[in-house]
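# Structural description and commentary
In case you want the letters, here they are:
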Amino acid sequence: MVLGAILVVAAILRLEGIGAHLSDAEGYSYLVGSAPSASAFLRRLAAYENTPPLFYLLLTPLPLGHTAWLRMPAAIPGALIPLALYAALRRPLGAPTALLAAAMTAVAPFAVSYSDYSRGFMLENLACVLALWAMLRLAGGASARWWWLYVSTGVVAVYSEYLAVIFLVALTIATVASGKRDRLRTAALGLLPLLALLPWAGQFERGQDAVNHTKLSPTFAGPSVSSLRDVTVRLVLGEHGAGATPGLRSLEFVAVLAVLAAIVVILRRSAQPRTNAALIVGATGVLVLVGHVLAALFVTDIFNERYLTVLIPIGAALLAAAISRANRRWLWRLAVVAVAIIGVAVFVQRFGRQYQPDLAPVRTVVAALHPRRVLTNSAVVAYYLRRLPVVLDRPFGLGPGLQRSCPSSCVIVDDSRVPGGVRQATGPSKTIGPFDVRLLLPTANRAAAGSARR
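Read on for a plain summary of the structure. (Residues numbered from 1 in each chain as written. Predicted model: local features only at pLDDT ≥ 70, side-chain atom pairs only at ≥ 80, totals over all residues. Heavy atoms only, no water.)

## A few points about a nonpolar patch on the surface
On the surface, a cluster of nonpolar side chains totalling about 570 Å² of accessible area is made up of V8, I12, V344, F347, V348 and F351. Listed by contribution, the elements that provide at least two residues to the nonpolar patch are α1 (2-16) and α17 (329-350). In terms of residue count, α17 provides more of the nonpolar patch than any other element does, 3 residues in total. Mapped onto the elements, V348 comes out in helix α17. By relative accessible area, which is 55% here, V348 ends up exposed. (Patch = residues over 30% accessible without salt bridge, like charges linked within 9 Å, V, L, I, M, F, W, Y side chains within 5 Å. Areas by Shrake-Rupley, 256 points an atom, 1.4 Å probe, with all protein chains shown as cover. Salt bridge = Lys/Arg side-chain N within 4 Å of Asp/Glu carboxyl O. Helix = DSSP H or I, 4+ residues; strand = E, 2+ residues; numbered from the N terminus. Buried < 20%, exposed > 50% of the residue type's maximum accessible area, 1.4 Å probe, protein only.)

## Some remarks on the side chain of T284
Along the chain, T284 turns up in helix α15 (residues 275-296). When neighbours within four sequence positions are excluded, T284 is seen to be in contact with F167, A170, L171, A174 and I314. (Contact = heavy atoms within 4.5 Å.)

## Considering helix α16 (residues 311-326)
Between its terminal C-alpha atoms α16 stretches 22 Å, which fits the 22 Å expected from 16 residues at 1.5 Å a residue. Counting buried residues along α16, 13 of its 16 residues qualify, which places the element largely inside the surrounding structure. Immediately downstream of α16, the backbone of N327 shows phi near 55°, a positive value. (Expected span 1.5 Å × (residues − 1).)

## Description of helix α8 (residues 121-139)
Taking 1.5 Å per residue, 19 residues should reach 27 Å; α8 reaches 26 Å between its end C-alpha atoms and fits that length. Judged by how many residues are buried, α8 sits mostly within the fold: 16 of 19 residues are covered. Directly after α8, the chain includes G141, whose backbone phi takes a positive value near 90°.

## Considerations on the pairing of strand β5 (residues 435-440)
Along β5, 6 of the 6 residues are buried, which leaves the element largely enclosed by surrounding structure. Both faces of β5 are covered, namely the face carrying F435, V437 and L439 and the face carrying D436, R438 and L440. Sheet topology note: the strand β3 (residues 410-415)/β5 ladder contains 6 bridges and is antiparallel. When the sheet's bridge partners are listed, D414 is paired in β5 with D436. (Pairing = 2+ DSSP bridges.)

## A word on the nonpolar core
By size, the foremost hydrophobic cluster in this structure holds 121 residues, and its most contacted members are L31, L89, Y150, F167, V362, V366 and V413. The leading source of residues in this core is α8, at 12 residues. Ignoring any residue separated from it by four or fewer positions in sequence, one finds F167 in contact with C128, L132, T284, V288, V310 and I314. Among the nonpolar cores identified, the runner-up in size contains 6 residues, and L375, C410, I412 and A425 belong to it. (Core = buried A, V, L, I, M, F, W, Y, C linked by side-chain atoms within 4.5 Å.)

Okay, here's the thing in structure tokens:
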């Protein structure tokens, strides 16, 4: 009954914001997922995305006319992660610990918000937690049949997000280091899912060739004390719960470090046989963080909280284990009350709230112009104007644009927030929020072409 209530809460929190306005990145999920053929799917994936295909494949059979359908392959895995975490922890750490960890994950603000984000992060996280379940069972002496679950979920993870490789390597190292038998077999089978990416190497290279032509590689701050602070605070408190000033975020970071230190002290003092599972989970979390830091020395775009969301269920598991080991009734009560308060706060904070601008006024203005073609630099504009003859042009501000060859009655809708901003063109225009709507007349086309030649 308690587990059922936790899953209901997880579902409610994630369904609340599932119909909110899309962000620009989610527009690219639509473009790839709505591809009319397999060749178009692969072409769009290479042109616009830096991620594996699985999440977008799950979009292809869905009716993508509503934002909820675009987010369903993220929301469902996100709501199931608490269940998978409970299954992973129940036997090695006990049912009470598993329930508390599942509850913490269900209400975690960042996990909730990214369950309503049409990308593959929650699908990857679900697969990683299931792989953790299999590895913990194997480390506890379970049947070798659990390798089937580990390998299959590992393949799902790496085909959802490439950086799941770091998690699988970290989990394998942690398990090998904690075990006393079958270390070679554990290492070999633990890394086996990585080989599944070999058939995808050609498509991966094709996608790399498109960088700086039709897409950009995302860039985030490299690993540093300040970036580690910001990443940690956002993972714990959510995007909208982190402090607005560096000083406040530093205080929040110190509080998180204090909790982590208490967890380490409590777990180290524990002499129970179940501690080995907690050590595997904790070592995996540490190695995941270290792996991302090391990888950022070569690929500077990956040290960001969105790629570290798997640390949320890992952190919940460690905190729940520490509370259980402390064996203090008041601490249990405090944890339960805190989970309830956080769940209510997350629901209230998300209820009816929009974080992206409404494109309905833009669609109304453009439709009234009866354009023969609509050019836009934004994938999310392409989604909301999909019933019009819209073309994604100059994505990420790349390329000269198609405005010089545009037919009469051509409308340009550019998002000023996209790299490159609003393109230079003549013609009557109207600004609606961050969007510039411009009617490009035939004479304006010639003038633009003449200016370009000069």
